[in-house]
Amino acid sequence: MLIPFSRLYLSDANVRKTRSEEDDIQLSADIEARGLLQNLLVTKSKKRGKFAVIAGGRRLRAIEMIVARGAWDPDTEIECKLLEGSEEEAGEASLAENFQRVGMSPAEECRAFQHFIKEGSDVAAVAKRFGLTQRFVEGRLRLANLAEPIFEALAKGDVTLEIAKAYAATDQHEVQLRVFEQMRYAYNPSADAIRRMVASGSMRGNDPIALLIGEDAYVAAGGKIERDLFSEAADDRWIDIEIAHRLAAEKMETEAQRITAETGLAWISPVASTNSWQARSEMGVNAVRLPPAPLSEEARARIDAIDARMEEISEIIDEGHEGGEADFGQLEAEYEDLDAERSDLNNPVRELPEEWRSEAGRFLVLTTRGEMVLEADYYSEKRLSFETDENGKVTATAEEPVPGSTKRGSAAPSRPEAVAPGTEKPISARLFDELSVQRRNILSASLLTDAGLALDFAIFALADSRSYEVRGTSIKGGRPSDPVTGELSQSTAEGILAEAENALDTAWQEHGCAAQRFIAFRELVDEAKAAWLAYAVAISLEAKKGYGSEYHPIHAVIGSMLDIDVAAMWRPTAENFFDRVSKTSCLAALTEVGGSDLAARYAASKKADLAKTCETIFAGKAIIEQDVKEAALAWLPEGMKFTIGANPADPVIPDTDESDPVADVCDGDDGEADSEAGELIDDHQPEVAFEEAAVAA
């Protein structure tokens, strides 16, 4: 029978009490598009002329929404079935109508949407017709294109909807099936683990190799690119890694041959990476250290002219807009160009003598933007030593490395590992402990980027287990006991470590039995295992030696190998450093980066104000000369550096027989680092410069 909508209301006997606004809106759109496909069950009400709906409450609310938005008239007649009987029988009918209903499975939804698309509808039309979002329909259509065995498993309920979505992260059926076969017998596989396996064996669109060869060349060679909906180009996945690496190798090899012929060097080795550390290690070559090149008279004259012009520009900018005619944007651009030119002139590169070019080579690497560049250093299989005599003539010697050399340098009196700037007085034990933890965290975060180095360090620590010498790691497992606890100043390193922990595949940890956990862990892909290895080694690093103020020399070695830019990850602030050292030390730090003139500007400041000023200057936020700003941004207290050698300016790892690297690092009565290797005071004695600043003030 047909009953006007205005005469219907929901009966108290209707058993469905829960409701979903989103589902009701979806049903409302469907009824408006196609009409009511299923009658409402009603009974006569005690209210004159009214009918109570005992089954079809959602349909009734959906029709109410249609009427509310003006699409239907309130007196629109609704198809209903009148049910005679008692109130108890009405409640039973409502229960049966709701209880016996079976919703469509995700697989059935996929096929249904696919059918409408094939019939000529588009995604927007299907979404509107069923009251769904376009993203929901697109997701189901993507599932419909799963490889057939995976879709059948979804239809049968052998895999969950979340697992199916994980396989659909790629539209490459061969990748889906490869992972599906690998996970077929896995115990309780997780969707996250499957996504990582699907993504492994590909590279991102912003990988240096991808940027080098370009998308057009990659696709032309048969490479496939996978894009998620609404993703940026950097999130694209280049599936055919072999094609990408082949194209990159061909391009870099061609450039290496050209440079070799042009320079006359023995070799130019192309490395499809942003650094050549691994290649240098595998080739066993030694760095060639050239003496600094002298400044020419022309360079000195140009530097003087640049200094005068930069000072002039600074004065104009400092005066502000009083003149009213200066183009400050143009002046700032000129200042930056002059500063860059000054830096190049102040650091002349000495060319390798012509007679030795056939003995050395260089590495061709990639920048993060995919550009090919030559690394600055030369390398040779021989140990090449260069010296400059009194007349400025460069002489060289070439020696084959001596296997098993154990030559040691002489020991030196013990010096404190970290001193306050401008003095020989050690910093407080508490401050050293805090700096040691922050320095260790930076090393840990950086170690995450090199799983190969982490593996080497882990294997070494395990293989050397019969030695009681401390090795700077608690590789037995777990975290070391830090010398300080509680609230500490945070740096970029802590965030990197936290993100790395959250990204780990932890599905294998869900098993209660150790044997099952081991089996599950072995099922991880190599990338996931490497991430676990790098993280486990990274968090094992100890902050310092025992109870004293002394670092582990091996940490300096690893830090040098990683070429860590500590200044980019940690800056000294009033809270974490300057408030903790004397005023003399603060002024000495200013002297180091800006000379006595800079220190003199603030010599009369109170200690608290000086600490805040130092924080601003060393964060690069103060308006100061550009070269001073760069020096301040690069400045670090000695306790935060990874330094090897008696003089921090010395090469990190000596390359001549005159200084054996093992002896330099390990000399000492207890097998630990030579105390001279940890010396952190420059020969020029910063306190002298500070005294000059105080006099000037």
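See the structure printed just above.
Parameters at a glance
- Along every chain, residues carry numbers that run from 1 in the direction the sequence is written.
- Under the rules for a predicted model, residues below a pLDDT of 70 receive no local features and side-chain atom pairs below 80 are neither given nor counted, while totals for whole chains, interfaces and linings still include all residues.
- Only hydrogens and water are removed before side-chain values are computed, so all heavy atoms of the structure are retained for them.
- The helix and strand labels rest on DSSP assignments: H or I over at least four residues marks a helix, E over at least two residues marks a strand, and numbering proceeds from the N terminus.
- Each residue is placed in one exposure class: buried if its accessible area under a 1.4 Å probe, protein chains only, is under 20% of its type's maximum, exposed if it is over 50%, and partly exposed if it falls in between.
- Residue contacts follow a heavy-atom distance rule, with two residues in contact if any of their heavy atoms lie within 4.5 Å.
- Accessible surface is estimated by sampling points in the Shrake-Rupley manner with a 1.4 Å probe; for residues, cover comes only from the protein chains shown.
- Two strands qualify as a pair provided that DSSP identifies no fewer than 2 bridges between them.
- Angular values range over 0 to 180 degrees, each being the angle between N-to-C directions of two axes fitted as lines to C-alpha atoms, with helices fitted over their stretch in contact.
- Here, a salt bridge means any side-chain nitrogen of Lys or Arg that lies within 4 Å of a carboxyl oxygen of Asp or Glu.
- Any two rings among Phe, Tyr and Trp, with Trp reduced to its six-membered ring, count as a pair given centres within 6.5 Å; such a pair is stacked if its planes are under 30 degrees apart, edge-to-face if over 60, and tilted if neither.
- Lysine NZ or arginine CZ positioned within 6 Å of the ring centre and within 35 degrees of the ring normal marks a charge as sitting over the ring.
- To estimate how far a helix should reach, multiply one less than its number of residues by 1.5 Å.
- To qualify as a nonpolar core, a set must consist of buried Ala, Val, Leu, Ile, Met, Phe, Trp, Tyr and Cys residues joined through side-chain atoms within 4.5 Å.
- An angle below 35 degrees is treated as roughly parallel, one above 145 as roughly antiparallel, one from 65 to 115 as roughly perpendicular, and anything else as oblique.
- The crossing is said to be left-handed when, going from far helix to near helix, the turn is anticlockwise and less than a right angle, and right-handed when the turn is clockwise.
- In this classification, Asp, Glu, Lys and Arg are treated as charged, Ala, Val, Leu, Ile, Met, Phe, Trp, Tyr, Cys and Pro as nonpolar, and every other residue, Gly included, as polar.
- Any two cysteine sulfur atoms within 2.5 Å of one another count as a disulfide.
- Counting of polar contacts relies on pairs of N or O atoms within 3.5 Å, with two restrictions inside protein: one atom must be capable of donating a hydrogen and the other of accepting it, and residues adjacent in sequence are counted only when both atoms are side-chain atoms.

Caption draft 1: Summary view of the overall build of the protein. Scanning the protein from N- to C-terminus turns up 28 helices and 15 strands. In the protein, which comprises 697 residues, the proportion classed as buried is 41%. Pairs at least 24 residues apart make up 71% of the contacts formed inside the protein by residues separated by at least 6 positions. Entry remark: accessible area of the protein is about 38,400 Å², with carbon and sulfur atoms responsible for 50%.

Caption draft 2: Geometry of the sheet that holds strand β5 (residues 77-82). Within the open sheet, the five strands sit side by side as β1-β5-β3-β4-β2. Their pairing is mixed. Each having just a single partner strand, β1 (2-4) and β2 (8-10) make up the two edges of the open sheet. Direction aside, the axes of adjacent strands within the sheet are offset by 55° on average. With respect to the sheet, helix α2 (residues 57-68) is in contact with β2, β3 (40-44), β4 (51-55) and β5, its orientation differing from that of β2 by roughly 125°.

Caption draft 3: Representation of the sheet that holds strand β7 (residues 225-226). In space, the three strands of this open sheet follow the order β6-β8-β7, with antiparallel pairing throughout. Among the strands making up the open sheet, the edge pair consists of β6 (203-204) and β7. With two bridges joining them, β7 and strand β8 (residues 237-238) adopt antiparallel strand pairing. Bridged to Glu226 within β8 is Arg237.

Caption draft 4: Expanded view of the pattern of salt bridges. Per the counting criterion, the structure on display carries 15 salt bridges. Overlapping salt bridges, with partners in common, bring together Glu255, Arg258 and Glu262 in one network.

Caption draft 5: Representation of the packing of aromatic side chains. This structure, assessed with the given rule, holds nine aromatic pairs. Seen in terms of ring centroids, Tyr167 and Phe180 are 5.7 Å apart; in terms of plane orientation they differ by 75°. Their pairing is edge-to-face. Placement of Tyr167 in helix α8 (residues 161-167) and of Phe180 in helix α9 (residues 173-182) is noted, with a sequence separation of 13 residues between them. There is no split in this pair, since Tyr167 and Phe180 are both buried. With a centroid separation of 5.3 Å and an interplanar angle of 35°, the aromatic rings of Phe578 and Phe618 are classed as tilted. Taken together, the residues Phe578 in the loop between α23 (566-569) and α24 (583-601) and Phe618 in helix α25 (residues 607-618) connect sequence positions 40 residues apart. Counting every residue linked through ring pairs, the aromatic cluster contains Phe577, Phe578, Phe618 and Trp635. Between the NZ or CZ atom of Arg362 and the centre of the ring of Tyr378, over which it lies, the distance is 4.9 Å. Arg439 extends its terminal NZ or CZ atom over the ring of Tyr551, reaching a point 3.8 Å from the ring centre.

Caption draft 6: Looking closely at helix α1 (residues 21-34). Taking 1.5 Å of rise per residue, the 14 residues of α1 would be expected to cover 20 Å, and the 20 Å separating its terminal C-alpha atoms lies within 8% of that figure. Taken together, the buried positions of α1 are occupied by Asp24, Leu27, Ser28, Ala29, Asp30 and Ile31. Backbone geometry just after α1 places Gly35 at a positive phi near 85°.

Caption draft 7: Fine view of the nonpolar core. The biggest cluster of nonpolar side chains holds 52 residues, and the ones touching the most others in it are Phe578, Leu590 and Phe618. Other than its neighbours up to four places away in sequence, Leu590 contacts Gly595, Leu598, Ala599, Tyr602, Leu610, Cys614, Ile617 and Phe618.

Caption draft 8: Spotlight on helix α22 (residues 553-562). Most of α22 is tucked away, with seven of its ten residues classed as buried. Among all positions in α22, only Pro553, His555, Ala556, Val557, Ile558, Gly559 and Leu562 are buried. Just downstream of α22, Asp563 is the residue with a positive phi angle, here 50°.

Caption draft 9: Structural detail: the environment of Asn275. Among the secondary structure elements, Asn275 is positioned in the loop between β9 (267-270) and α14 (277-283). Judged by relative accessible area, Asn275 falls into the partly exposed class, the value being 40%. In sequence terms Asn275 and Leu562 are 287 residues apart; their C-alpha atoms lie 9.9 Å from each other. Excluding residues within four positions of it along the chain, Asn275 makes contact with Val365 and Glu375.

Caption draft 10: The arrangement of the pairing of β4 in detail. Among the five residues of β4, five are classified as buried, and the element is accordingly described as predominantly covered. Relative to β4, β2 runs parallel, the two sharing three bridges. Within the sheet, the bridge partner assigned to Tyr9 lies in β4 and is Ala52. One ladder, built from four bridges, connects β3 with β4; its direction is antiparallel. The residue bridging Leu41 from the neighbouring strand is Ala55, located in β4. Here β3 folds back onto β4, and the loop between the two strands holds six residues, one of which, Gly49, carries a positive phi near 80°.

Caption draft 11: Spotlight on the packing of α24 against α25. Between α24 and α25, the least distance of the axes is 10 Å, while the angle of their chain directions is 30°. What the angle tells us is that α24 and α25 run roughly parallel. At the point where α24 passes α25, the crossing takes the left-handed sense. Contacts between α24 and α25 involve Lys583, Cys586, Leu587, Ala589, Leu590 and Val593 from the former and Lys607, Leu610, Cys614, Ile617 and Phe618 from the latter. In terms of residue class, the contact of α24 with α25 is made up of nine nonpolar, no polar and two charged.

Caption draft 12: How the structure looks around the state of the cysteines. Summed over all chains, the structure comprises zero disulfides. The structure places no disulfide on Cys586, whose sulfur is separated from the nearest cysteine sulfur, that of Cys614, by 4.6 Å. In this structure Cys586 comes out as buried when scored by relative accessible area, which is 0%.

Caption draft 13: Region of the structure containing the side chain of Ser540. As for its position among the elements, Ser540 is in the loop between α21 (526-538) and α22. Residue Ser540 is classed as buried on the basis of its relative accessible area, which comes to 1%. In terms of polar contacts, Ser540 uses its side chain to reach the backbone carbonyl oxygen of Val537, at 2.7 Å.

Caption draft 14: The packing of α24 against helix α26 (residues 626-634), seen in detail. At a minimum axis distance of 8 Å, the contact between α24 and α26 shows a crossing angle of 125°. Judged by the inter-axis angle, α24 sits oblique to α26. Here α24 contributes Val593, Gly594 and Leu598 to the contact with α26, which in turn contributes Val628, Ala631 and Ala632. In terms of residue class, the contact of α24 with α26 is built from five nonpolar, one polar and no charged.

Caption draft 15: Spotlight on unusual backbone geometry. Phi is positive for Asp563, which is not a glycine, with a value near 50°. The residue Asp563 is located in the loop between α22 and α23 in this model. Residue classification places Asp563 among the exposed residues on the basis of a relative accessible area of 65%.

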